[in-house]
Amino acid sequence: MDGKKKVFYSQAELDEIMNNSGLTDVSAIFESDDESEIDHVEYEVEDNSDMDKDYEQPPSTDDDSEEFMDEQCFQSRARKRKLTTSTPRKPRVASQIDVRPHPPSTPHQPLDDSLPSPSLASMHHSVHRPASPTPGTSTATPAVSRVSKRRRGNAARGGATQALSYADPAVPPALSADHAVPPAPSADPAVPPAPSADPAVPPPPSANPSVPPTPSADPAVPPPPSADPAVPPPVARGRRRSNANEDDKATRMHDFGTSTVTSKSGYRWNCRPQSSSRVRTPARNIVGPITSGPTPEARSADTPEKALSLFFGDNIIDEIVQWTNKIIPQRAAKYTNRRGGLSLTEPDEIRALFGLLIFSGGQRDNHLTTREMFSPKTGPPIYRAAMSEDRFCFLLSCLRFDDKDTRAQRQTTDKFAAIRVIWEIFIDNCGKMYVPSETVTVDEQLLAFHGNCPFRMYIPSKPAKYGIKLFLICDSKSKYMLRAIPYLGKEDTQPQARGGINVGHKITKELTEPYHNRNRNVTTDNWFSSVPLVTDLLHNCGMTLVGTVKANKKEIPQEMKETRTRMVGSSAFLFVNDITLVSYCKDTSRTKKKLVYLLSSMHTQPTIMPNGKPEIICFYNETKGGVDAFDQMCAIYSVSRKTSRWPMSIFYGMINSCVINSWIIYKENQQTIGSKPIERRFYMQNMAEALIKAWAGKRMFNTRIPRTIKTVINTVCNIPLPVRDDQAGLTVMADSRAPMVRCSLCDRSKDRKTRHRCQGCTGPVCPQHIYTWCVDCPH
């Protein structure tokens, strides 16, 4: 059928069409090309006698039956003729028009002569928009035939989609009957769309709510989307307003509306950058040629034991042994049962003690009691291979790091005198063994301690809450600890002691002293950062600083603290003397606006990153975690044990720091030679075994050590069991390789052969005549 639908007419309908058109031949009805007759084509009256079986409908019992429809069809047509030609036609959607051949009718004129009749050639490129009614004409809803009602019912029951029929036959058609596909909007700029008859009067509402009205011919209203699949649908006019607002907030910078802003203290800021973004990189941001990593002295540490000796060398071990042996006799005098566990110590035993502490940290046994650690059932054998439980507890109680007799005099000027000597040696070793990268981090660490200490701190935000506060500087990339300073209380930080600057200023400048005039950057939090510190480091120390700052600083103007005029996600910038201050309104809180303030002497431009945050904040987030990550690594495999003496708490913290620093150096050395480094837990196990082995070998030759312990040492440290002096030259039965001969003590008739020889007469002896003793028992 060439894409056209088959149409059936009843005999009565054909007769009426012929009478109205003045034709005498039925075939002439279908030869008309008048497109205005499409309204007559859309009436479908079924005659079951002329229909195929595929189009037969089931009998109906309602008012839409066949007999009733024939009568209603003619009544509907008569009502239509009574309507005036100015009655507005109900708009039809192009996709709902059923295109089919139609009979000719009497010619008629459109309502508006300015509306051109579309030609067949341009039918696919234009859309007809019905004319609006003229003023004074009726705007009643057009009558809809009952045939259309029946069609809608059939469509709802799954039948073919039918088109609506309207009462006004004088309205020009919107589509050609020769085109089955609804036309797309005109793509030819030379063919303008048909204008509305009266642009001031809107089109009448649709009689059928399910059918959307045809768009107006007003040029301000966009044409409807194309129904042709080859033509892409028009782009949406815009996104949702919420999404657009989020994009605006991500890139919006707050404008103060003035060129300068002054704080209450008189500190003046500029609202525009003081340098152009097109100039070359400032000299303060150019770091000289440096190679971060282990120094030449530390590059030879290819084993855990060598890496540890870089920080805990013989000088620290000897210092500990000297003062520990001085206290051991005093503590041993209090014991009534003088046993071997009360003897003086030596360097190898102190190293073995370090090994046990490191192993317990790697196994996370530091919270266990010594009975659980040294139990043959529940504890690892390495504890018993190194020393006994009583000796372990005795050494920890006697461990000293200075001369107790002169400590009271030294503490009058230095509260840290009890461990100051080995602390300074350790910190100097940490600084000499590693070259940091271009960014370092300054922050605080709290060593847990609940005993008596003149400078114990309470920090509720820390996990331990009570402890000894240390200020650390770490490399931002490798997390290597470079230096540390203990906080000794307010007396040590009085204004006269710190030169009139605040504590954070003094601590930061002291920690970064070895790296001054190297153009490195230091990242700090709001406890340290201040405008005087940034200025001092930039102009006097050759370093830049990026850090958060508290809102109560006197240099921050009130305009930066205002939240009522700020949008969530916006940033405000102020500039002065190569220093940039940014205020960012966090977008994480939807109920209350919160501003974050940062100072930077490294950044000079108000740059916003793709994520909507200022570049200063993104740089701060990347480099702020040096000390926090180091502190977290210390807590994961900590060697700290419960103690009532604060120098022991500092000592445990030194071991934790030593293990992490040595592991970083060992790992980078292994990567340099192309080897795969091991995990830190296994690194700590290997280090503990290396530290214990020397002392365990000496215990193997101690005659007072039970044979079971020596067997454990042989298993853990792979040290062979010793042979007694009276057993020198004797052959162990397991190592006997003598030829098989007849036993000298058995009857010849039994013919028992053996490889074993008597250690006295060297005669062959079978197992039936052998009596055994252990090597430790006399015989």
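Reading the values: rules and limits
- Residues numbered from 1 in each chain as written.
- Predicted model: local features only at pLDDT ≥ 70, side-chain atom pairs only at ≥ 80, totals over all residues.
- Heavy atoms only, no water.
- Helix = DSSP H or I, 4+ residues; strand = E, 2+ residues; numbered from the N terminus.
- Buried < 20%, exposed > 50% of the residue type's maximum accessible area, 1.4 Å probe, protein only.
- Contact = heavy atoms within 4.5 Å.
- Areas by Shrake-Rupley, 256 points an atom, 1.4 Å probe, with all protein chains shown as cover.
- Core = buried A, V, L, I, M, F, W, Y, C linked by side-chain atoms within 4.5 Å.
- Pairing = 2+ DSSP bridges.
- Right-handed = clockwise from strand over helix to strand, strands pointing away.
- Axes fitted to C-alpha atoms, helices over the stretch in contact; angles between N-to-C directions.
- Parallel < 35°, antiparallel > 145°, perpendicular 65-115°, else oblique.
- Nonpolar A, V, L, I, M, F, W, Y, C, P; charged D, E, K, R; others polar.
- Salt bridge = Lys/Arg side-chain N within 4 Å of Asp/Glu carboxyl O.
- Polar contact = N/O pair within 3.5 Å; in protein donor to acceptor, adjacent residues only side chain to side chain.
- Phe/Tyr/Trp six-rings, centres within 6.5 Å; stacked < 30°, edge-to-face > 60°.
- Lys NZ or Arg CZ within 6 Å of the ring centre and 35° of its normal.
- Disulfide = S-S within 2.5 Å.
- pLDDT = per-residue confidence, 0-100.

Trainee: I keep staring at the overall build of the protein and nothing clicks. Help me out?
Mentor: Counting its regular elements, the protein contains 20 helices and 15 strands. Classification of the 779 residues of the protein by burial places 44% in the buried group. The contacts of the protein with a sequence gap of at least 6 include a subset with a gap of at least 24, amounting to 69%. Carbon and sulfur atoms make up 52% of the accessible area of the protein, which totals about 41,400 Å².

Trainee: Sorry if this is basic, but what is going on with the nonpolar core here?
Mentor: Taken as a class, soluble globular proteins show a tendency for nonpolar side chains to be buried jointly. Core analysis: the biggest nonpolar cluster contains 130 residues, and Phe311, Phe312, Phe426, Trp646 and Phe651 have the highest contact counts within it. The biggest single contributor to this core is helix H18 (residues 646–672), with 14 residues. Excluding anything up to four places from it in sequence, Trp646 contacts Lys415, Phe416, Ala418, Ile419, Phe449, Asn452, Cys453, Pro454, Phe455 and Ile468. Counting 10 residues, the second largest nonpolar core, distinct from the first, contains Val546, Tyr584, Leu598 and Tyr620.

Trainee: Sorry, what's going on with the environment of Phe682 here?
Mentor: Of note, Phe682 is situated in helix H19 (residues 680–700). When the C-alpha positions of Phe682 and Gly362 are compared, they lie 7.7 Å apart, and in sequence the two are 320 residues distant.

Trainee: I keep staring at the pairing of strand E10 (residues 544–548) and nothing clicks. Help me out?
Mentor: Looking down a regular strand, the side chains alternate between one sheet face and the other. Counting buried residues in E10 gives five out of five residues, a clear majority hidden from the surface. Residues Thr544, Val546 and Thr548 of E10 are buried on one face, and the alternating residues Leu545 and Gly547, pointing to the opposite face, are buried as well. With four bridges joining them, strand E9 (residues 521–524) and E10 adopt parallel strand pairing. Paired with Asn521 across the two strands is Thr544, which belongs to E10. Remark: the E9/helix H15 (residues 531–540)/E10 crossover connection has right-handed handedness. Relative to strand E13 (residues 595–600), E10 is paired through three bridges, and the arrangement is antiparallel. Note on E13: the bridge partner recorded for Val546 is Ser600.

Trainee: So what exactly am I meant to see when it comes to the packing of helix H8 (residues 347–362) against H18 here?
Mentor: The geometry of a pair of packed helices is captured by two quantities: the angle between their axes and the separation between those axes. At their nearest, the axes of H8 and H18 sit 11 Å apart, and the two run at 75° to each other. Viewed along their axes, H8 and H18 adopt a mutual orientation that is roughly perpendicular. Contacts from Phe354, Leu357 and Ile358 of H8 reach H18 at Phe651, Tyr652, Ile655 and Val659. The class makeup of the residues in the contact of H8 with H18 is seven nonpolar, no polar and no charged.

Trainee: Got a minute to help me understand unusual backbone geometry in this structure?
Mentor: Peptide bonds are, in most cases, trans, and in most cases residues other than glycine have a negative phi. Within the chain, Lys479 stands out as a residue other than glycine whose phi angle is a positive 70°. In this fold, Lys479 is placed in the loop between strand E7 (466–475) and strand E8 (481–486). You will see that Asp578, though not glycine, has its phi angle at about 65°, which is positive. The residue Asp578 is located in the loop between strand E11 (571–576) and strand E12 (579–585) in this model. For Asp578, a relative accessible area of 39% translates into the label partly exposed.

Trainee: Honestly, the pattern of salt bridges in this entry has me stumped. Any pointers?
Mentor: A side chain with one charge may pair with a side chain of the opposite charge, provided their charged atoms come close. Summed over all chains, the structure comprises 19 salt bridges. With its nearest N and O atoms 3.5 Å apart, the salt bridge here joins Lys306 to Asp302. The exposure class of Lys306 is partly exposed, given its relative accessible area of 43%. Judged by its relative accessible area of 40%, Asp302 is partly exposed. The salt bridge involving Glu510 is made with Lys506; its shortest N-O contact spans 3.5 Å. Separated by four residues within a single helix, Glu510 and Lys506 lie in helix H14 (residues 503–511), roughly one turn from each other. Here Lys506 falls in the partly exposed class, since its relative accessible area comes to 22%. Linked through salt bridges whose partners overlap, the residues forming this network are Asp314, Glu346, Asp348, Arg351 and Lys698.

Trainee: Looking at this structure, how should I read the environment of Arg564?
Mentor: One can find Arg564 in the loop between E10 and E11. On the basis of relative accessibility, which here comes to 73%, the residue Arg564 falls in the exposed class. Counting along the chain gives 29 residues from Arg564 to Lys593, while the straight-line C-alpha distance between them is 8.6 Å. For Arg564, the side chain forms a polar contact with the side chain of Glu562, separated by 2.7 Å.

Trainee: Whenever I open this one, the packing of aromatic side chains confuses me. Can you help?
Mentor: How two aromatic rings sit relative to each other is set out by the distance from centre to centre and by the angle between their planes. Using the criterion set out here, one finds 24 aromatic pairs in the structure. Relative to Phe651, the ring of Phe401 has its centre 5.0 Å away and its plane inclined at 35°; by these criteria the two rings are tilted. With Phe401 in the loop between helix H11 (389–398) and helix H12 (407–411) and Phe651 in helix H18, this residue pair connects regions lying 250 residues apart in the sequence. Centre to centre, the rings of Tyr458 and Tyr466 are 4.8 Å apart; their planes meet at 40°, and the pair counts as tilted. Of the aromatic side chains, those joined through ring pairs into one cluster are Phe312, Phe354, Phe401, Phe426, Phe651 and Tyr652. If you follow Lys469 out to its NZ or CZ, it ends over the ring of Tyr487, 5.5 Å from the centre.

Trainee: Teacher, can you tell me more about helix H16 (residues 615–623) here?
Mentor: Of the residues making up H16, those classed as buried are Ile616, Ile617, Cys618, Phe619, Tyr620 and Thr623. Contacts from the buried residues of H16 go to strand E5 (439–448), E9, E10, E12, E13 and helix H17 (626–636).

Trainee: Is there a simple way to think about the state of the cysteines in this case?
Mentor: Think of a disulfide as a covalent bridge from one cysteine sulfur atom to another cysteine sulfur atom. Across all of its chains, the model carries zero disulfides by this definition. Free cysteine Cys746: the closest other cysteine sulfur is in Cys766, separated by 3.4 Å. The class for Cys746 is buried, based on a relative accessible area of 11%.

Trainee: Got a minute to help me understand the side chain of Thr544 in this structure?
Mentor: Position of Thr544 among the secondary structure elements: in strand E10. If we skip the residues at most four places from it in the chain, Thr544 touches Arg284, Asn285, Arg520, Asn521, Val522, Leu538, Ser601 and Met602.

Trainee: When you look at the pairing of E12 in this model, what are you seeing that I'm missing?
Mentor: Burial runs high along E12: seven of the seven residues are buried. Alternating positions in E12 separate into two faces, Ile579, Leu581, Ser583 and Cys585 on one and Thr580, Val582 and Tyr584 on the other, with burial throughout. The antiparallel pairing of E11 with E12 creates a hairpin that spans two residues between the two strands, and Asn577 there sits at a positive phi of about 50°.

Trainee: Looking at this model, I keep getting lost on the packing of helix H7 (residues 314–332) against H8. Mind explaining?
Mentor: Running from N to C, H7 and H8 point in directions that differ by 105°, and their axes come no closer than 9 Å. Classified by the interaxial angle, the pair formed by H7 and H8 is roughly perpendicular. Residue-level contacts link Asp314, Ile317, Asp318, Ile320 and Val321 of H7 to Pro347, Ile350, Arg351 and Phe354 of H8. By residue class, the composition of the contact of H7 with H8 is six nonpolar, no polar and three charged.

Trainee: Quick question: what am I supposed to make of the confidence of the model for the protein here?
Mentor: The predicted coordinates of low-pLDDT regions are not to be read in fine detail. Per-residue pLDDT for the protein averages 74, and the proportion of residues at 70 or more is 64%. Within the protein, E8 carries the highest mean pLDDT (95), whereas helix H2 (residues 38–41) carries the lowest (40). Overall, residues 1–6 carries pLDDT values under 50, and its contacts beyond four positions in sequence, including any with other chains, amount to 10 contacts. Below pLDDT 50 for its whole length, residues 32–68 participates in 85 contacts with residues either more than four positions away or in separate chains.

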